[in-house]
Every structure is written in C-alpha cells, then in structure tokens.
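One-letter residues, chain by chain:
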Amino acid sequence: MLSFSLLDAQALSPGLNHDTQWQQWAVEGQWPDAALLPPTPLLPMMMARRLSAGARLAVQLGLDMLARHPIDNAIFVSRHGELARSMTLLQGLAAAKPLSPTDFSMSVHNTAAGLCSIQGKAALPMSSLAAGEGSLMAGVTEAIANLQAGYRRVLLVFFEGEIPAFHHAWLPATAPYALALVLGDEEEGERWYCEGAVALAHTPELAQPLAFWRARLLQQTTCLLGDGHQEWAWRRG
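Below: a short report on this structure.

Remarks on the overall build of the protein
When its secondary structure is counted, the protein shows eight helices and eight strands. With respect to the principal axes defined by its C-alpha atoms, the protein has extents near 55 × 40 × 35 Å. Counting over 237 residues, the protein shows a buried share of 46%. Of all intrachain contacts in the protein linking residues separated by at least 6 positions in sequence, the fraction that spans at least 24 positions is 71%. Taken together, the 15 basic and 21 acidic charged side chains of the protein have centroids lying 7 Å from each other.

Have a look at this one:
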C-alpha cells in the first residue's frame, strides 16, 4: 500500500482558476465554453507566449508552489506532453518546410520542468514522466519513492495541453489543465492511501489527475482511479 500526506493542492484550466469555479465543475461535470486561459503572472510575457497552454499552466503552478513551500524534489507528469507542437514539426517536415527553432527547442517532454527550474531559480532534482493513462499513479509512485529516499517536500505537477484534431479519432478532446500537489511523509495533514484493486476493461470517464481532483473537491473519502487496464482504490485517512 502506498501512502502520503497531501500538504497543498491547486489546479488551473481555462475558466477554472478559483475554488468556486472548480467546485461547480466537480458537481456538474461541465467544462466552461470558450474560456480564456487563466492569468500566469509568475511567467515573463515572452516565456508565456512561447509555451503551450498546458505547459504554461504547469509552470505557473510550479512556480507558485516553489514560492510557498520548501520543495526539494519535483516531478512533472504528462501523458501527451508537447504533442501539439511535435505534430506541427512533423507536418512541417512532411511538407518540406523549414522548422521553427523555437518549436524544436520547446518540443521536448521536460520543457515545463526545465523552464520552471530556470525561472524559479530552483537548483533541485526534477524529472518528467509519461506513462500513458496511468501517469498519475506513475507520478505518485515516483514521489513516494523520493520521500522514502529522504526528500521532505515533493512537488507533483500533472498537466495536459490541447489534443490536435488529427488525434481526435483516438484521443478525447479535453481542455488544457494543470494540477499541482505537494506531498510529504509526515502523519499530520491530509493523509491518503492507495493500493491496486481490480483489473479494468473499460476506459475511465476522466483522466486520473482530474478524477482524483474531482473526488477531493467533492470531499469523497474513497475513489477508484483506473487507466483502462488496472484500477486503484484511494482512501483518505
């Protein structure tokens, strides 16, 4: 069984940057229509313009948490990473067009983690993970391992950007979002436990990070998080 203390949590998405807005989303399950990206005041304007929507929100939350907590380890997690930017590069190659140096340099999976470290002047271990639909469990497992290794405050940032239209036949279109969690190992605070439950054949309604965030907003003491293959039982202590 995995366990940790959740010390802080915050999420951002277009039209969802206040607690009341997120509460409404959790109850109704509806994303705002044609909403603008939330402000990202901790990012320089030029950096914000270069970042994809998901990475922009992730870096904003990462910088916010770095300012509020003595973070000594950080993990950025995204199933798709810079998929839209990579798609643009591939389409340019297919059309024999010159590639944008900015798009090329910003297309790597650790773009958000690297820029958060640079902008936050945070000389600490950071990693970037992708584990398909099970990326939340992969990130939590990595974070707990780091806590067991002696780190005191681990920052977990989950994020996704816009899915290119080319992929809509296989991947559902969702709004960009980012979710930041600060984890510790002390017994005080909001304690969570999770363990493998059953094999799962159907595709979950929400991505794991959003399913966890919704359960927490609804103050549920238990929730099941799946990835289409495996389901995990989560319990608030």
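Additional details are given in the paragraphs that follow.
Regarding the pattern of salt bridges
Evaluated as defined, the whole model comprises seven salt bridges. A salt bridge links Glu-133 to Arg-79; the nearest nitrogen and oxygen atoms lie 3.6 Å apart. Remark: Arg-79 occurs in the loop between strand 2 (73-77) and helix 4 (83-94) and Glu-133 occurs in the loop between strand 3 (126-129) and helix 7 (135-148); sequence separation between them is 54 residues. Judged by relative accessible area, which is 30%, Glu-133 ranks as partly exposed. We classify Arg-79 as partly exposed; its relative accessible area is 30%.

Quick look at helix 7
For helix 7, built from 14 residues, the straight-helix expectation of 20 Å at 1.5 Å per residue is met to within 8% by its first-to-last C-alpha distance of 20 Å. Of the residues making up helix 7, those classed as buried are Ser-135, Leu-136, Met-137, Gly-139, Val-140, Ala-143, Ile-144, Asn-146 and Leu-147. Immediately beyond the C-terminal end of helix 7, within one or two residues, lies Gly-150, with a positive phi of roughly 120°.

With respect to a nonpolar patch on the surface
A cluster of nonpolar side chains, namely Leu-90, Leu-93 and Leu-99, defines an oily patch on the protein surface of about 280 Å² accessible area. Its location among the elements puts Leu-90 in helix 4. Note on Leu-90: relative accessible area 53%, which makes it exposed.

The rules we used
Residues numbered from 1 in each chain as written. Predicted model: local features only at pLDDT ≥ 70, side-chain atom pairs only at ≥ 80, totals over all residues. Heavy atoms only, no water. Helix = DSSP H or I, 4+ residues; strand = E, 2+ residues; numbered from the N terminus. Buried < 20%, exposed > 50% of the residue type's maximum accessible area, 1.4 Å probe, protein only. Contact = heavy atoms within 4.5 Å. Lys, Arg positive; Asp, Glu negative; His and termini not counted. Charge placed at Lys NZ, Arg CZ, Asp CG, Glu CD. Salt bridge = Lys/Arg side-chain N within 4 Å of Asp/Glu carboxyl O. Expected span 1.5 Å × (residues − 1). Patch = residues over 30% accessible without salt bridge, like charges linked within 9 Å, V, L, I, M, F, W, Y side chains within 5 Å. Areas by Shrake-Rupley, 256 points an atom, 1.4 Å probe, with all protein chains shown as cover.

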